[in-house]
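In case you want the letters, here they are:
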Amino acid sequence: MKTVAVVGSQWGDEGKGKVIDFLATQADVVIRGQGGNNAGHTLVVDGKKFALRLIPSGILNPNTINVIGNGIVFDPKGFFEEIEMLESNGICTKNIKISDRAHIVFPYHKELDGLAEEARGDNKIGTTKKGIGPCYMDKTERSGIRVCDLMNKEVFAKKLKLQIEAKNKIVTGVYEKEAMFDFDEVYNEFIVYAEKMRPYVDDTTVIVYDAIRAGKKVLFEGAQGTLLDLDLGTYPFVTSSHPISGGFAVGAGVGPNMIKDVVGIVKAYTTRVGEGPFVTELFDETGDRIRTQGHEFGTVTGRARRCGWFDAVIVKYAARVNGLTSISFMLLDVLTGFDKIKICTAYKMGDKIINNFPASLEDLAKCEPVYEELDGWHEDITKVENFDDLPENAKKYVARIEELIDVNIDLVSVGPNRTQTIIRKNIFA
Ligand code: GDP
Ligand code: IMO
Ligand code: MG
């Protein structure tokens with residue numbers, strides 16, 4: 001079996017898009033199984049940049065089938081904007097399949113996302129306001145509208161009517177605003193999307209199953225990251241889906257035993273966008289310097305990402321809850337030029353040393369990082385092709401992290417371009 005799940009091991013934006021694009025040159029199928037267009041995956045090929053949100057990152061490879069799985073919350077408007085962007089760049093978008101079981105994001109989900117954030121005040125999550133949480137709420141409440149419903153005019157009209165009524169009641173009753181959703185407006189907009197979507201819609205569980213059974217190479221593309229997982233992340237400052245490897249069994253509709261390897265995408269330092277705890281966050285010049293050197297601004301929202309040193313506690317946790325079999329170590333070039341580089345090896349809470357990531361945010365707030373310091377390097381590493389050619393101190397940094405996490409670092413990324421990738425072991429081998 002040649003199946004690989006690629007998961008974010010921190011708070012998202014680790015460089016998953018780059019790795020998927022790189023691996024997709026060998027993959028037959030790439031599938032996204034959770035989240036929606038809250039994701040922003042950047043691909044850079046020959047200096048040309050593509051930001052993908054909903055469409056899987058295998059799309060630049062004309063031979064790869066790109067699947068939007070059943071666990072996705074699907075925003076048709078965003079999808080067709082992405083299709084247009086790709087086509088205007090001469091990219092073929094025929095090889096896309098959309099699950100008939102995926103849930104649809106409607107304008108009322110986006111509006112309710114914004115209203116809920118506003119109501120949270122100082123406790124806001126800092127969501128992307130793409131309607132992700134409210135759409136998953138409808139799904140778990142069992143009132144959501146799925147792609148297969150949208151494909152049937154009568155079913156769609158019936159379900160939408162109920163939803164428009166229910167959402168207007170929330171807007172007027174809970175938020176004390178005027179009713180703002182109009183059935184005809186939403187129906188007429190979405191019925192146009194329905195016809196445009198029809199050629200892409202399929203039972204994607206069959207496509208993925210058949211590909212795996214035929215011995216094809218299948219990549220599961222994670223979105224977000226382990227610490228944003230609804231169960232295992234820094235709840236409630238998380239997303240509403242399961243970005244961990246286990247999420248793929250449900251979100252792609254395959255048995256867990258059909259996922260052979262799990263590659264953790266790990267940034268050489270730590271970033272977070274949105275609110276919530278972040279033990280190694282830097283509020284000083286060093287943090288600003290990492291942000292500037294790493295161009296750490298959100299792909300979706302443009303927000304400045306919070307930056308800090310590498311946190312081995314969270315990556316060890318990610319290695320455990322995802323069952324990581326390999327690590328791709330990203331953005332190493334961003335750390336070039338620092339005299340000293342710090343690694344957080346544990347947390348200190350009062351006089352207690354904490355090695356396992358705590359559940360309680362109150363406990364986390366009391367945690368201080370325990371740092372060890374390594375010497376940095378000053379040489380430009382963005383053109384290095386072989387691991388042995390990296391500066392000694394860069395190699396020592398990678399080796400120390402490998403030792404702390406106890407998972408092999410098989411890929412090291414030294415720049416955003418597809419080619420700026422050092423391979424130590426072929427991930428599909
Ligand atoms: P994703 O959400 O995990 O796919 O990551 P994003 O695309 O949101 O953020 C990663 C950013 O880092 C993007 O701007 C990438 O182009 C960029 N990137 C990826 N790998 C590297 C690298 O090794 N070095 C540098 N300098 N940038 C990288
Ligand atoms: P990729 O796939 C980083 C964060 C938001 C917010 C929280 C909840 O590019 O790594 P949501 O809109 O999902 O309800 O927001 O999750 N978030 C991400 N942060 N990368 C992402 O995706 C993210 N997707 C959501 O900033 O804190
Ligand atoms: Mg991103």
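Residues numbered from 1 in each chain as written. Chains lettered and ligands numbered in written order. Predicted model: local features only at pLDDT ≥ 70, side-chain atom pairs only at ≥ 80, totals over all residues. Heavy atoms only, no water.

As recorded in an unreviewed UniProt entry, the chain goes by the name Adenylosuccinate synthetase, listed as coming from Terrisporobacter othiniensis. Taken from UniProt, the Function (unreviewed entry) comment for the chain reads in full: "Plays an important role in the de novo pathway of purine nucleotide biosynthesis. Catalyzes the first committed step in the biosynthesis of AMP from IMP." (UniProt positions renumbered as here; feature names shortened; annotations may be inferred.)

A. Fine view of helix H2 (residues 76-88). Helix length check: H2 (13 residues) gives 18 Å between terminal C-alpha atoms against 18 Å at 1.5 Å per residue, within 8%. Every buried residue of H2 is accounted for by Pro76, Gly78, Phe79, Phe80, Glu82, Ile83 and Leu86. Elements in contact with the buried residues of H2: strand S4 (48-52), strand S5 (65-68), strand S6 (73-74), strand S7 (96-99), strand S8 (103-104) and helix H7 (183-197). Among the residues of H2, the N-terminal cap falls to Asp75, whose side-chain oxygen and the backbone nitrogen of Lys77 are separated by 3.1 Å. (Helix = DSSP H or I, 4+ residues; strand = E, 2+ residues; numbered from the N terminus. Expected span 1.5 Å × (residues − 1). Buried < 20%, exposed > 50% of the residue type's maximum accessible area, 1.4 Å probe, protein only. Contact = heavy atoms within 4.5 Å. Polar contact = N/O pair within 3.5 Å; in protein donor to acceptor, adjacent residues only side chain to side chain.)

B. Region of interest: the nonpolar core. Phe220, Phe310, Phe329, Leu332, Tyr347, Tyr397 and Ile405 are the most contacted members of the largest nonpolar core, which totals 87 residues. Both of domain 1 (2-99 + 201-262) and domain 3 (266-423) provide at least three residues apiece to this core. Formed by 44 residues, the second largest nonpolar core is a distinct cluster that contains Ile55, Phe74, Leu160 and Tyr193. (Core = buried A, V, L, I, M, F, W, Y, C linked by side-chain atoms within 4.5 Å. Domains from an automatic or database assignment.)

C. Highlighting the site of ligand 1. The environment of ligand 1 is made up of 19 residues, and the closest members are Lys16, Gly40, Thr42, Asp333 and Ser413. One nitrogen or oxygen atom from the main chain of Leu331 is found 3.0 Å from an oxygen atom belonging to ligand 1. Gly415 has a polar backbone atom sitting 3.1 Å from an oxygen atom of ligand 1. Put simply, the parts of the chain that give the shell around ligand 1 at least two residues each are helix H1 (16-24) and strand S3 (41-45). In terms of residue count, H1 provides more of the shell around ligand 1 than any other element does, three residues in total. Residues that form the shell around ligand 1 fall into these classes: five nonpolar, eight polar and six charged. Mapped onto the domain boundaries, the shell around ligand 1 takes at least three residues apiece from domain 1 (2-99 + 201-262) and domain 3 (266-423). (Near = heavy atom within 4 Å. Nonpolar A, V, L, I, M, F, W, Y, C, P; charged D, E, K, R; others polar.)

D. Here's a closer look at the site of ligand 2. As a matter of local geometry, ligand 2 sits amid 20 residues, with Asp13, Lys16, His41, Thr128 and Thr239 nearest to it. Here an oxygen atom of ligand 2 sits 2.6 Å away from a polar atom, N or O, in the side chain of Thr239. Relative to its unbound accessible area of 550 Å², ligand 2 is 98% covered by the protein chains. Of the residues assigned to the shell around ligand 2, the class counts are seven nonpolar, 10 polar and three charged. (Areas by Shrake-Rupley, 256 points an atom, 1.4 Å probe, with all protein chains shown as cover.)

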